[in-house]
Amino acid sequence: MRRRTITALLLLAPLTLTSGCGWGGQPAASSTGSSSTVAPSSTSTGATSVQPSVCGLPGSGDSTTLTTTPHVDEWRYENQTLWPYPYAKSYGPGVVKDDGMRSCFSHDPQGALFAAANIAAMTTDQNLMSDPEHAISLFGKGSQYDRMAAKIRQLGSFPVGSASDSRGTPAGFRILDFTDSEATVDLGFVGTSAGQSVDLSIVYHLVWSDGDWKLRCEKDIPITSAVIPSFTGYTEWKVSG
């Protein structure tokens, strides 16, 4: 039963992106081992080469590893109840379309964190991901972009998990790596399904592309995941209010 529950929870998250910035095998998961993610790397300190986001969010210029909880103006919910995502005037999303698609995040670790959390929520929403152009807009331009876009258009939609009774609640984060052009964000979630829960690590590989944080298409596995024993080492980040 526990193995089936874990499988359902992993299918809820956007974890079918596993090879060639497209689709491949299932994500690796372990109910007892540690996360498959890497430890946070050392990042340079001081100011980054800050570029304003496409909607004008300035960014802080801070390139240090983010270890304090950033301010969230409001936690909102994808498709009303399924998946919480953060909003802050300083970090984004700065653009929210009528159909629910969100973009434009600040050029700093906080913006990368908010981008990853919003991508996590959007890719669980079947209504949004049934439009291939919505899914394509989540990826940054690069050498594999055209190939990836063609794959999604061929599929006709972005694969979304079908465990309708499953939920994901933010528990914490780690900024594994951050530079002017790339960021790796590890989000910790408590997943629940069929009355059971499990701790999940979902890692997002992002690139700064056209003034925004997007999934990195040149990364063979832009989203990776693992079941973890605890959130030790994560900065706590939970829904409040």
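First, a word on scope: everything that follows refers to the structure included in this document. Residue indices follow the written sequence of each chain, beginning from 1 at its first position. Where local features are concerned, this predicted model is filtered to residues with pLDDT of at least 70; where side-chain atom pairs are given and counted, the filter is 80 or more; whole-chain, interface and lining totals use all residues. Think of the side-chain values as coming from all heavy atoms in the structure, minus any hydrogens and water.

## Regarding the overall build of the protein
Helix and strand definitions follow DSSP, with helices as H or I runs of at least four residues and strands as E runs of at least two, each counted in order from the N terminus. Looking only at helices and strands, the protein has five helices and 10 strands in total. Working definition: with a 1.4 Å probe on protein chains only, accessible area under 20% of the residue-type maximum means buried, over 50% means exposed, and in between means partly exposed. Looking at the protein as a whole, 51% of its 241 residues qualify as buried. Any pair of residues with heavy atoms lying within 4.5 Å of one another is described as a contacting pair. A fraction of 64% describes how many contacts in the protein between residues 6 or more apart in sequence connect residues 24 or more apart. On the protein, roughly 10,400 Å² of surface is accessible, and the fraction owed to carbon and sulfur atoms is 49%. Values of accessible area rely on a 1.4 Å probe in the Shrake-Rupley scheme; residue burial ignores everything except the protein chains shown.

## Things to note about helix H2 (residues 109–122)
The span expected for a helix works out to 1.5 Å for each residue beyond the first. For H2, which comprises 14 residues, the first-to-last C-alpha distance of 20 Å matches the rise-based estimate of 20 Å (1.5 Å per residue) to within 8%. Burial runs high along H2: 14 of the 14 residues are buried.

## Side note on the pattern of salt bridges
By definition here, a salt bridge exists when the distance from a side-chain nitrogen of Lys or Arg to a carboxyl oxygen of Asp or Glu is within 4 Å. Per the stated rule, a full pass over the model turns up eight salt bridges. Between Arg102 and Glu78 there is a salt bridge whose closest N-O contact spans 2.7 Å. Here Arg102, found in strand E4 (residues 102–103), pairs with Glu78, found in strand E1 (residues 74–78); they are 24 residues apart in sequence, far enough to count as distant. Using a relative accessible area of 4% as the deciding quantity, one classes Glu78 as buried. Among the salt bridges present, the one from Arg174 reaches Asp186, with a minimum N-O distance of 2.9 Å. Within this pair, whereas Arg174 is found in strand E5 (residues 167–178), its partner Asp186 is found in strand E6 (residues 182–193), the two being separated by 12 residues in sequence.

## Thoughts on the nonpolar core
In this description, a nonpolar core means a group of buried Ala, Val, Leu, Ile, Met, Phe, Trp, Tyr and Cys residues linked to one another through side-chain atoms lying within 4.5 Å. Counting 49 residues, the largest nonpolar core has Phe139, Leu187, Tyr204, Leu206, Trp213 and Trp237 as its most contacted members. Sort the elements by how many residues they give to this core and H2 lands first, with 10 residues. In contact with Leu187, not counting residues within four places along its chain, are Leu113, Ala116, Ala117, Ala120, Gly172, Phe173, Leu200, Ser201, Ile202, Tyr204, Tyr234 and Trp237.

That's the geometry; what it means functionally is another story.
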